[in-house]
Amino acid sequence: MGWLFRFYIALGAIVSFSLPVYADLPHRSFFWADDENYKPLIYRDREGLPKGIFHDVLTEAFRRMNISLQNQLYPWSRAQKIVKEGSADGMVTVYTKTRQKIFEATSPIVVVEEHVFTNKNNPKLNKILNIRSLDELKRFIIVDTVDAGWSRENLKEMHVIWVPTAESALNMIASKRADVYLMSNFTGPYFIQEQIEKKGPLYEQLREVVMGNYPITTMEYRLLIRRDSPYVNIIEQFNRVLHQMQQDGTYKKIIQRYKIDMRYKPTKKLGKDNE
């Protein structure tokens, strides 16, 4: 009987060590607040429900971790405020120096390339299309949104016109009131196509908006969790689950679901490198 007793003791130790690290978490959902209009990464669908790559990845990851997830979407500035004030556990965005003060971050959920977008009738077109670095932006008038944290940190020494929304920024480019708007290869083409399909006041001019030939930087979107959240210790487990999803094909299926490459395709390679 002695060996049997020792066997059960050993088995109990194995089970206890294999229990999730979040076993002592509160009896409430992880509350994630995010942007309501950042297609195709995160947005409201026609029924007002959360949708997008971030939503699908996190929903599956939290299901695998057996943690209830609550996702509410707001205008981006309000979503950031809700998380910053501690009313939500986290958000998905870029891990800037400012955000590092109050957040811990997971592995990247999506890595995007940032390109310049400009009007193809801009007299500086060739130079703009061939921008390869942030430093080269200093020669141009940039437009960006007031709640873009990354831009606030990285473009602060440049000539930037700050506007309330991405739609406003694109309209500035379409009407040639600014030279450059930085958008990702995920969100830029998708958003431009949507605005054209809506046939708003400047939809014809938006057809003239083109994407630069080269990515000038990359951005890593991560789940940021407040350091004072009771869920902050799930990061290691989340990273493991995210890796599993990438290995088993789940992640690829989610990306393909949004048909990124089937949306608006800006004209490329218009400019010449020597101009």
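The rules behind the values
Residues numbered from 1 in each chain as written. Predicted model: local features only at pLDDT ≥ 70, side-chain atom pairs only at ≥ 80, totals over all residues. Heavy atoms only, no water. Helix = DSSP H or I, 4+ residues; strand = E, 2+ residues; numbered from the N terminus. Buried < 20%, exposed > 50% of the residue type's maximum accessible area, 1.4 Å probe, protein only. Contact = heavy atoms within 4.5 Å. Salt bridge = Lys/Arg side-chain N within 4 Å of Asp/Glu carboxyl O. Phe/Tyr/Trp six-rings, centres within 6.5 Å; stacked < 30°, edge-to-face > 60°. Lys NZ or Arg CZ within 6 Å of the ring centre and 35° of its normal. Pairing = 2+ DSSP bridges.

A. Seen up close, the overall build of the chain. In terms of regular secondary structure, the chain is built from 10 helices and 12 strands. Counting across all 275 residues of the chain, residues that qualify as buried make up 48%. Of all intrachain contacts in the chain linking residues separated by at least 6 positions in sequence, the fraction that spans at least 24 positions is 74%.

B. Up close: the pattern of salt bridges. Within the structure shown, the criterion is met by 16 salt bridges. Put simply, Glu-60, Arg-63, Arg-64 and Asp-248 are held in one network by salt bridges that share partners.

C. Region of interest: the packing of aromatic side chains. One pass over the structure, following the stated rule, counts 5 aromatic pairs. Relative to Tyr-221, the ring of Phe-54 lies with its centre 5.6 Å away and its plane at 40 degrees, an arrangement referred to as tilted. Residue Phe-54 is found in helix 2 (residues 53–65), and its partner Tyr-221 is found in strand 12 (residues 217–226); the two are separated by 167 residues along the sequence. An identical accessibility class is assigned to Phe-54 and Tyr-221; each is buried. Chaining the aromatic ring pairs together yields one cluster made of Phe-30, Phe-62, Tyr-231 and Phe-238. Positioned above the aromatic ring of Tyr-214 is the side chain of Arg-132, whose terminal nitrogen or guanidinium carbon lies 3.8 Å from the ring centre. Taking NZ or CZ as reference, Arg-152 lies 3.8 Å from the ring centre of Trp-162, over its face.

D. Here's a closer look at the sheet that holds strand 3 (residues 42–44). Across the sheet, 3 strands lie side by side as 2-3-4; this open sheet has antiparallel pairing. The open sheet terminates on both sides in strands that have one partner only, identified here as strand 2 (37–38) and strand 4 (50–51). As defined by bridge partners, strand 2 adjoins strand 3 across 2 bridges and the pair is classed as antiparallel. If you follow Asn-37 over to strand 3, its bridge partner there is Tyr-43.

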